[in-house]
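# Coordinate inspection notes
Here's the letter readout for the chains.
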Amino acid sequence: MSLIRFEPFRELDTLQREMNRLFDNFTPTERGSNGMAFIPAAEIYETPEAIHLKVEIPGLESKDLDVQVTAEAVSVSGERRSETKTEEKGITRSEFRYGSFRRVIPLPARIQNDHVEAEYKDGILKLNLPKAEAEKNRVVKVSLG
């Protein structure tokens, strides 16, 4: 019978490599590199009068975006197409990235979807979503025990 030496730090190193590989496979990136879709980052904040939403969508033109707003949610979808080409020392390298994406963002309050203001500049989509009148004046009574 042969003895096998147990080395706990080697086991931890192996576990760390496996965990890194697992998380690398599930990180949202462009479709094609690992099969996952691009998911744009979003930031939302609320004021008494409106909800303000910013969505980061670099590398697209406004004509490539489809923004739909309901009283309860905002849907942003589009298609990314980009090509990079580099030439170095007689070698040409070309990469294509493409794929469609869609993100639906639920809103914390009902809005007037017919009064939405939108701006798309430098890869940032900014939406000003005015609250519905019923939401602005809504008072909730809290019962104490």
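## Looking at the overall build of the protein chain
On a plain count of helices and strands, the protein chain comes out with two helices and seven strands. The helix and strand sequence of the protein chain, counted from the amino end, reads α-β-β-β-β-β-β-β-α. The buried share among the 145 residues of the protein chain stands at 23%. Pairs at least 24 apart in sequence give 50% of the contacts found in the protein chain among residues at least 6 apart. Element-wise, carbon and sulfur atoms account for 52% of the exposed surface of the protein chain, whose accessible area totals about 11,500 Å².

## Things to note about a nonpolar patch on the surface
The grouping of Phe9, Leu12, Leu15, Met19, Leu22 and Phe23 at the surface amounts to a nonpolar patch, some 650 Å² of accessible area in total. Position of Phe23 among the secondary structure elements: in helix α1 (residues 8–26).

## Quick word on the sheet that holds strand β6 (residues 117–121)
The strand order across the open sheet built from four strands is β1-β2-β7-β6, with neighbouring strands paired in antiparallel fashion. Pairing within the sheet leaves two strands with one partner each, and these edge strands are β1 (41–46) and β6. Each adjacent strand pair in this sheet contributes to an overall mean axis angle of 15 degrees, direction not counted. Pairing geometry for β1 and strand β2 (residues 50–56), over six bridges, is antiparallel. Residue Glu43 lies in a different strand from β2, and its bridge partner there is Lys54.

## Topic: the nonpolar core
Leu53, Val55, Ile57, Val74, Val76, Phe101 and Leu129 are the most contacted members of the largest nonpolar core, which has 18 residues in total. Among all residues touching Val74, those that are not within four sequence positions of it are Leu53, Val67, Gln68, Val69, Arg103, Val104, Ile105, Leu107, Leu127 and Leu129.

## Section: the pairing of strand β7 (residues 124–130)
Where β2 meets β7, seven bridges bridge the pair, whose relative direction is antiparallel. Looking at β7, one finds that Val55 is bridged to Leu125. Pairing of β6 with β7 involves five bridges; the strand directions are antiparallel. Note on β7: the bridge partner recorded for Ala118 is Leu127. The hairpin turn running from β6 into β7, its antiparallel successor, is two residues long, and Asp122 in that turn takes a positive phi close to 55 degrees.

## A few points about unusual backbone geometry
Non-glycine residue Lys89 carries a positive phi angle of around 55 degrees. Of note, Lys89 is situated in the loop between β4 (73–88) and β5 (91–106). Even without being a glycine, Asp122 presents a positive backbone phi close to 55 degrees. The topology assignment puts Asp122 in the loop between β6 and β7. Asp122 gets classed as exposed once you look at its relative accessible area, which sits at 72%.

## Some remarks on the confidence of the model for the protein chain
Averaged over all residues, the pLDDT of the protein chain equals 81, while 83% of them reach at least 70. Scored below 50 in pLDDT, residues 28–36 makes 21 contacts in the model with residues more than four places away or belonging to other chains.

What counts and how
Residues numbered from 1 in each chain as written. Predicted model: local features only at pLDDT ≥ 70, side-chain atom pairs only at ≥ 80, totals over all residues. Heavy atoms only, no water. Helix = DSSP H or I, 4+ residues; strand = E, 2+ residues; numbered from the N terminus. Buried < 20%, exposed > 50% of the residue type's maximum accessible area, 1.4 Å probe, protein only. Contact = heavy atoms within 4.5 Å. Areas by Shrake-Rupley, 256 points an atom, 1.4 Å probe, with all protein chains shown as cover. Patch = residues over 30% accessible without salt bridge, like charges linked within 9 Å, V, L, I, M, F, W, Y side chains within 5 Å. Salt bridge = Lys/Arg side-chain N within 4 Å of Asp/Glu carboxyl O. Pairing = 2+ DSSP bridges. Axes fitted to C-alpha atoms, helices over the stretch in contact; angles between N-to-C directions. Core = buried A, V, L, I, M, F, W, Y, C linked by side-chain atoms within 4.5 Å. pLDDT = per-residue confidence, 0-100.

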